[in-house]
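Remarks on the overall topology
In case you want the letters, here they are:
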Amino acid sequence: MRQAQELWESRRHQYWSEARGYLKLILNSGFVISVYFLFIFLTVYYQQFVEQMPADFPLVLLLTVLFTWRLTAGSIRTFVKPADIVFLLPYETKMTVYFNQALRYSSIWQASYIVLLFMAVGPMFTERIGTGAAFWLALLFLILIKMWNLLCVWQEQRLVAKGERYSNMALRLLINAVATYLLFAQATVWLIVAIIVLMTILYKGYWQPLEKKHSLKWDRLIEVENQMVMLFYRIANAFTDVPQLRNKVRERHYLQWAVQSLGGKKGTVYHYLYARTFIRANDYLGTYLRLAVVGGLFIYVLPLGWMKLAMALLFTHITMMQLSTLSFHHSASIWIDLYPIKPEEKKQALTYITARLLFLLAIVYGVLAVVTSDLLYGVLVLIASALLGLYGSQTLVHRKKGKYRRVR
């Protein structure tokens with residue numbers, strides 16, 4: 001028991017010692033400043049929206065969707081390592097304390113996400129649903145549901161087939177949707193208590209017995225832990241070189257035409273290399289599209305033209321910072337250095353690729369601004385975003401290794 005507790009503390013300390021190094025670089029970057037201004041900007045607009053919220057605004061539906069997703073999602077952090085499947089598997093019966101600590105640790109983090117999300121929607125909740133005791137009882141109810149979900153997730157990890165895990169998740173999703181809808185629709189207290197009792201019965205009668213029917217699947221625990229660690233590494237990789245990051249490559253034959261459109265002709269080595277890297281590696285394409293969609297939504301819904309301009313510049317800058325990781329994506333490969341090509345051509349190729357991507361983003365933002373505002377602001381959004389993209393593609397995307405050092 002004591003050794004399991006010491007192992008947990010050691011693993012947790014080891015992880016956060018490494019994570020703190022990356023977090024310092026993230027906090028010292030310009031990205032955090034962009035997020036800070038985005039937060040201030042949205043806070044002002046959010047307050048105005050709450051005060052002028054239409055009577056037919058589907059608040060109950062919105063809150064149900066948000067919290068159903070957040071309650072159903074979430075994993076258990078165990079800090080297990082691939083070698084544990086060999087060295088710790090024989091001691092599984094003595095690891096109860098270790099896994100109880102993992103559940104407590106994950107419960108604190110997952111509960112904090114619920115609290116932050118609820119505080120974010122708090123002004124709308126108090127405006128339309130209730131204040132005082134109703135507010136805090138709703139938060140307590142949501143935290144209890146989240147704890148129930150985590151206990152169910154822990155038992156679901158014993159299942160081998162993905163289909164079984166997905167069906168269990170679908171069942172939890174349905175239960176969470178009903179519970180949150182009743183909560184935000186101001187159902188009677190007895191009905192909400194009945195939901196809690198039903199969830200308790202389901203856990204005792206269905207999920208908890210999985211512990212006796214199925215052994216703990218260490219390979220599944222390692223897979224889940226690796227996914228969460230890789231997510232953090234991918235975020236940190238936007239600010240520094242992460243040697244632990246495993247590059248994932250997807251074929252995506254259906255996007256081969258996009259390589260040519262980005263200037264990736266086989267006669268120009270670095271143009272072709274960067275174009276294929278953007279399309280196929282490390283989800284650069286996915287990040288670019290997600291930022292384009294989120295930025296476009298902000299430009300579409302914000303009422304004033306200057307707000308649209310500010311959002312366009314902000315998301316252009318954030319996208320630029322994400323694309324800048326292309327500059328050292330192949331830095332660990334010795335084969336790239338064997339190309340008989342001048343280093344200037346590498347820089348020119350990166351400038352060309354990022355400039356095209358940022359110009360495309362500027363066109364999308366400009367069109368949205370024209371459709372939702374007027375021609376003047378649409379032109380301003382297009383020109384300002386394009387100029388920022390042109391400047392950034394020639395300067396900001398070319399990162400220096402000395403500035404973005406590796407964290408060991």
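Computed from a predicted structure; not experimentally measured. (Residues numbered from 1 in each chain as written. Predicted model: local features only at pLDDT ≥ 70, side-chain atom pairs only at ≥ 80, totals over all residues. Heavy atoms only, no water.)

In this structure, Tyr274, Phe278, Met311 and Tyr365 are the most contacted members of the largest nonpolar core, which totals 36 residues. Contributions of two or more residues to this core are made by helix H2 (30-51), helix H12 (269-280), helix H13 (284-301), helix H14 (305-323), helix H15 (343-372) and helix H16 (375-394). What Tyr365 contacts, discounting residues up to four positions off in sequence, is Leu291, Ala292, Gly295, Gly296, Ile299, Ala312, Phe315, Thr316 and Val381. Grouped together as the second largest cluster of nonpolar side chains are 33 residues, Ile145, Ile175, Trp207 and Leu210 included. (Core = buried A, V, L, I, M, F, W, Y, C linked by side-chain atoms within 4.5 Å. Buried < 20%, exposed > 50% of the residue type's maximum accessible area, 1.4 Å probe, protein only. Helix = DSSP H or I, 4+ residues; strand = E, 2+ residues; numbered from the N terminus. Contact = heavy atoms within 4.5 Å.)

Let us now look at the packing of H14 against H16. Two numbers describe how H14 lies on H16: the axes approach to 9 Å, and their chain directions differ by 20°. Taken together, the axes of H14 and H16 lie roughly parallel to each other. Here H14 and H16 pass one another in a crossing that is right-handed. Across from Gly305, Trp306, Lys308, Leu309, Ala312, Leu313, Thr316, His317 and Met320 in H14, the residues of H16 making contact are Tyr377, Leu380, Val381, Ala384, Ser385, Leu388, Gly389 and Gly392. A breakdown of the residues in the contact of H14 with H16 according to their chemical character gives 10 nonpolar, 6 polar and 1 charged. (Axes fitted to C-alpha atoms, helices over the stretch in contact; angles between N-to-C directions. Parallel < 35°, antiparallel > 145°, perpendicular 65-115°, else oblique. Left-handed = near helix turned anticlockwise from the far one by under 90°. Nonpolar A, V, L, I, M, F, W, Y, C, P; charged D, E, K, R; others polar.)

What follows deals with the packing of helix H3 (residues 59-72) against helix H7 (residues 162-184). Running from N to C, H3 and H7 point in directions that differ by 140°, and their axes come no closer than 8 Å. At the point where H3 passes H7, the crossing takes the right-handed sense. Two secondary-structure elements touch here, H3 through Val60, Leu63, Thr64, Phe67, Thr68, Leu71 and Thr72 and H7 through Met169, Arg172, Leu173, Asn176, Ala177, Thr180, Tyr181 and Phe184.

Next up on the list: H14. An ideal rise of 1.5 Å per residue puts 27 Å on 19 residues; H14 measures up with 27 Å between its terminal C-alpha atoms. Counting buried residues in H14 gives 14 out of 19 residues, a clear majority hidden from the surface. (Expected span 1.5 Å × (residues − 1).)

For the rest of this paragraph, the subject is the UniProt feature "transmembrane region" (unreviewed entry) in the chain. Residues annotated by UniProt as "transmembrane region" (unreviewed entry) correspond here to residues 21-45, 57-80, 101-121, 133-154, 349-369 and 375-397. Helix makes up 100% of residues 101-121 and strand 0%. Its end C-alpha atoms lie 31 Å apart. With 87% helix and 0% strand, the stretch residues 375-397 has end C-alpha atoms that lie 31 Å from each other. (UniProt positions renumbered as here; feature names shortened; annotations may be inferred.)

Attention now moves to the packing of aromatic side chains. The full count for this structure, using the stated rule, is 26 aromatic pairs. On the numbers, 6.0 Å between centres and 65° between planes, the contact of Phe67 with Phe118 is edge-to-face. One end of the pair, Phe67, is in helix H3; the other, Phe118, is in helix H5 (residues 96-128), with 51 residues separating them in the sequence. Residue Phe67 is classed as buried on the basis of its relative accessible area of 0%. According to the relative accessible area criterion, Phe118 is buried, its value standing at 0%. Ring centres of Tyr206 and Trp207 lie 5.0 Å apart, and the angle between their planes is 80°; this geometry places the pair in the edge-to-face category. Overall, Trp207 belongs to the buried group, its relative accessible area being 0%. Over the ring of Trp69 we find Arg70; its NZ or CZ atom is 5.2 Å from the centre of that ring. (Phe/Tyr/Trp six-rings, centres within 6.5 Å; stacked < 30°, edge-to-face > 60°. Lys NZ or Arg CZ within 6 Å of the ring centre and 35° of its normal.)

Looking at the chain as a whole, its pLDDT mean stands at 82, while 84% of the residues score no less than 70. Counted against residues more than four places away or in other chains, residues 401-408, with its pLDDT under 50, gives 17 contacts. (pLDDT = per-residue confidence, 0-100.)

Turning to the pattern of salt bridges, a few remarks are in order. Counted under the stated rule, the structure contains 5 salt bridges. Taking the shortest distance from any N to any O, the salt bridge between Glu225 and Arg77 comes out at 2.6 Å. Of this pair, Glu225 sits in helix H10 (residues 218-236) while Arg77 is found in the loop between H3 and helix H4 (84-87), placing the two residues 148 residues apart along the sequence. Neither residue differs from the other here; Glu225 and Arg77 are each classed as buried. One salt bridge connects Glu156 with Arg172, and the closest N-O pair in it is separated by 2.8 Å. Pair noted here: Glu156 is in helix H6 (residues 133-156) and Arg172 is in helix H7, with a separation of 16 residues, a long-range link. (Salt bridge = Lys/Arg side-chain N within 4 Å of Asp/Glu carboxyl O.)

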